[in-house]
Amino acid sequence: MASTSETITEQPTTEVVRPKKQVRTRIEYRRFNVFHRWMHFLVFCSFTVLVFTGMPLKYKDTAWAQWFMDLFGGVTAAGVYHRIAAIVTVFYWTAEMLVMVIMVLKARGKLKSRIPLFFNGKDLQDVIGMFAWFFGRGPKPQFDRYTYWEKFDYLSLVAGTVIIGMTGFMMWFPLEFTKVLPGYWLNVALVIHSNEALLAMGVIFIFVHFFSAHLKPESFPLDKVIFTGSLPVDHYKAERPLEYARRVREGTLDEVLIERRITWKTYAADVVWWTITLIAGVSALMMTAFIIWSVFD
Ligand code: HEM
């Protein structure tokens, strides 16, 4: 009688058992969750549309403005895109504020320690420390979850959206607003909207956001963490040593460590993030150059 093992080997085999392919993985630090990433995506898309459909109106006498308007299909079509992007803006702003209210309620009075986006005394020390470091007068300050420029970036967007949104809606619904306000308020609204738009564009494209996200030495030429949500632990530890040390101290590091599979999709996604950032950067530079040219022409 054949043994059990012989019986098995004698059976015809149709299934080929291949050795399991080794999947490369990397432990990463999760900085942004899905909500953060989607919010950023909405801000990114709507802000770009608002700038590119609004600025040609502000500089309507220039050749480049005419070119943009033709590209969008005329002033009326550009106005429609501007309004659609404005609705997206209202949506993300409201969602963000709802989350903020929930966080404030959960913080139970301990806002500064529990809500990392709020300014605190250390931010002022960091501003002074950074200037000292720029001039070789001290070490580079160590940062926690959010730096002072990231807090400024966030809070200026939150506050700026209120101003630009209110004035935008006044121009969008002039009849309704002039039932309660004198007509000259529409002119005031236009001046505020138009100049706040220029300021916001400057903050995002030139002075703060693009510069601090992509051009600082640690991230140059591209910081893709807002797309991927996570980054290599060593990189994060070097960038935000205080947050890392706090998590180690409190025993909460495991909550933010993830095992990321590195496959061809990772590299394909990288190409997409590079392309998006490159297009955004070039477009931002182009719009800035057009505006500077118009102002000094
Ligand atoms: C809730 C947000 C917003 C609303 C409701 C809104 C609405 C409007 C409306 C109704 C106009 C008048 C032009 C037209 O009829 O098409 C306008 C003009 C304009 N918007 Fe907005 N907008 C918003 C946000 C923004 C943002 C974020 C920017 C840029 C950062 C922007 C840039 C401009 C510019 C530059 C103009 C032209 C102003 C001028 O002629 O000097 N808008 N907007």
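The structure this text deals with has already been given above.
Residues take numbers from 1 onward in each chain, read along the sequence in its written order. Reporting in this predicted model follows two pLDDT cut-offs: at least 70 for local features of residues, and 80 or more for side-chain atom pairs to be given and counted; totals over whole chains, interfaces and linings ignore these cut-offs and use all residues.

Quick look at the site of the ligand now. In the vicinity of the ligand there are 24 residues, among which Gly-54, Gly-79, Gly-168, Ser-194 and Ala-197 approach most closely. Elements with a minimum of two residues in the shell around the ligand: α2 (34–58), α4 (75–107), α7 (148–172) and α9 (184–207). Here is the check we use: build the C-beta atom from the backbone, and if it is within 6 Å of the molecule or strand, call the residue near. Counting from the N terminus, the helices are DSSP H or I runs at least four residues long and the strands are E runs at least two residues long.

Turning to the pairing of strand β3 (residues 257–262), a few remarks are in order. Burial is judged by counting other C-beta atoms within 10 Å of a residue's own C-beta: 20 or more means buried, 12 or fewer means exposed, and anything between counts as partly exposed, with every C-beta placed from the backbone. Among the 6 residues of β3, 0 are classified as buried, and the element is accordingly described as predominantly exposed. With 6 bridges joining them, strand β1 (residues 24–30) and β3 adopt antiparallel strand pairing. Its bridge partner being in β3, Glu-28 is matched across the sheet by Ile-258. Pairs of strands are assigned from DSSP output, requiring at least two bridges between the strands.

This part is about the environment of Leu-50. Examined against the element boundaries, Leu-50 turns out to sit in helix α2. Placed 225 residues apart in sequence, Leu-50 and Thr-275 show a C-alpha to C-alpha distance of 21 Å. Whether two residues are in contact depends on their C-beta atoms, placed from the backbone: they are in contact if these lie within 7 Å. Not counting chain neighbours up to four residues away, the residues in contact with Leu-50 comprise His-82, Ala-85 and Ala-86.

By our criterion, buried Ala, Val, Leu, Ile, Met, Phe, Trp, Tyr and Cys residues that link up through C-beta atoms within 7 Å make up a nonpolar core. Membership of the largest hydrophobic core is limited to 12 residues, which are Phe-47, Leu-50, Val-51, Met-55, Ala-85, Ala-86, Ile-164, Ala-197, Ala-200, Met-201, Ile-204 and Phe-205. Secondary structure elements with two or more residues in this core: α2, α4 and α9. Looking at this core, the element that brings in the most residues is α9, giving 5 residues.

A few words on the pairing of β1. Note that β1 and strand β2 (residues 230–232) share 3 bridges and pair antiparallel. Directly across from Arg-30, in β2, lies its bridge partner Ser-230.

Where α2 meets helix α3 (residues 63–72), the closest approach of the two axes is 8 Å, and the angle between their N-to-C directions is 135°. Classified by the interaxial angle, the pair formed by α2 and α3 is oblique. For the pair α2 and α3, the crossing hand works out as left-handed. Contacts between α2 and α3 involve Phe-52, Thr-53 and Pro-56 from the former and Ala-65, Phe-68, Met-69 and Phe-72 from the latter. Any residue outside Ala, Val, Leu, Ile, Met, Phe, Trp, Tyr, Cys, Pro, Asp, Glu, Lys and Arg is labelled polar, Gly included; the first ten of those are nonpolar and the last four are charged. For the contact of α2 with α3, the residue count by class is 6 nonpolar, 1 polar and no charged. Helix axes use the C-alpha atoms of the stretch in contact, all axes being lines fitted to C-alpha atoms, and the angles between their N-to-C directions lie in the range 0 to 180 degrees. Here is the rule for angles: anything less than 35 degrees is roughly parallel, anything more than 145 is roughly antiparallel, 65 through 115 is roughly perpendicular, and the remaining ranges are oblique. The crossing is said to be left-handed when, going from far helix to near helix, the turn is anticlockwise and less than a right angle, and right-handed when the turn is clockwise.

Glancing now at the packing of α4 against α7. Packing of α4 against α7 brings their axes to within 11 Å, and their N-to-C directions diverge by 140°. Judged by the inter-axis angle, α4 sits oblique to α7. Of the two elements, α4 crosses α7, and the hand of that crossing is left-handed. Contact residues: α4 offers Arg-83, Ala-86, Thr-89, Val-90 and Trp-93, while α7 offers Thr-161, Gly-165, Gly-168 and Trp-172.

Reading across the sheet, the 3 strands line up as β2-β1-β3 and stay open at both edges, with antiparallel pairing between neighbours. The open sheet has two free edges, formed respectively by β2 and β3, since each of these has just one partner strand. The average angle at which neighbouring strand axes cross in this sheet is 50°, direction not considered.

In a regular helix each residue adds 1.5 Å, so 33 residues correspond to 48 Å; α4 covers 47 Å between its end C-alpha atoms and thus fits that length. Taken together, the buried positions of α4 are Ala-78, His-82, Ala-85, Ala-86, Thr-89 and Tyr-92. Buried residues belonging to α4 abut α2, α3 and α7. Two residues or fewer past α4, Arg-108 is found with a positive phi of approximately 45°. Working rule for helices: expected span equals 1.5 Å times residues minus one.

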